[in-house]
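Each chain, written out:
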Amino acid sequence: MNKDELMKILPHRDSMLLLDSATVSDGHAHGVRQITGSEWFLDGHFPGNPVVPGVILCEILGQSVAVLLADQVTGKGVPMFTGLDRVRFRHPVRPGDTFVTDCVITKSRPPFYWCEGEGRVGDTLCVSASFSFALNV
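Residues numbered from 1 in each chain as written. Predicted model: local features only at pLDDT ≥ 70, side-chain atom pairs only at ≥ 80, totals over all residues. Heavy atoms only, no water.

Visitor: Can you help me understand the overall build of the chain in this one?
Guide: What the chain contains, in helices and strands, is three helices and six strands. The order of α-helices and β-strands along the chain, N terminus first, is α-β-β-α-α-β-β-β-β. What you see for the chain is a C-alpha radius of gyration of 14 Å, in line with the 14 Å of a compact globule of 137 residues. Structurally, the chain occupies a C-alpha span of about 45 × 30 × 25 Å along its principal axes. Residues classed as buried in the chain amount to 41% of the 137 residues present. The long-range fraction of contacts in the chain, counting pairs at least 24 apart against all pairs at least 6 apart in sequence, stands at 60%. Accessible surface computed for the chain: about 7,100 Å², of which carbon and sulfur atoms make up 53%. (Helix = DSSP H or I, 4+ residues; strand = E, 2+ residues; numbered from the N terminus. Rg over C-alpha atoms; globule rule 2.2 N^0.38 Å. Buried < 20%, exposed > 50% of the residue type's maximum accessible area, 1.4 Å probe, protein only. Contact = heavy atoms within 4.5 Å. Areas by Shrake-Rupley, 256 points an atom, 1.4 Å probe, with all protein chains shown as cover.)

Quick look at the structure:
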């Protein structure tokens, strides 16, 4: 999915749509974000040593897994985080990096969903998390 297709699923717009593309295979969502260095969240984080904030990495994971619920989300609900658990930041993500996610829904009781996800740059694990969200309809 490209950005136009993602905007049919996700309610995020402008600077808060953090995925460049996404794919779904075998129940896993894979998102991609190319970090250019011009992103608003790098301003001041940190001068001379830009690092993508952890909360942004978590948001990218959340947006990635939401594509698995395209039928439930499109025009019907807004996915909202209800929890972030066991989040581990293992390596910084910097300008020039291509950040790739692998996320899966592990349990569901609509409108609640529990997920596992990780984000990598190449073969390097940068973040892993368990998280949950609800479709706010």
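Don't stop here, the text continues.
Visitor: Quick question: what am I supposed to make of the pairing of strand β1 (residues 21-25) here?
Guide: Look at any regular strand and the pattern is simple: side chains alternate between the two faces of the sheet. Relative to strand β2 (residues 28-34), β1 runs antiparallel, the two being bridged by five bridges. Paired with Val24 across the bridge in β2 is Ala29. What sits between the antiparallel neighbours β1 and β2 is a turn of two residues, in which Asp26 has the positive phi angle 50 degrees. (Pairing = 2+ DSSP bridges.)

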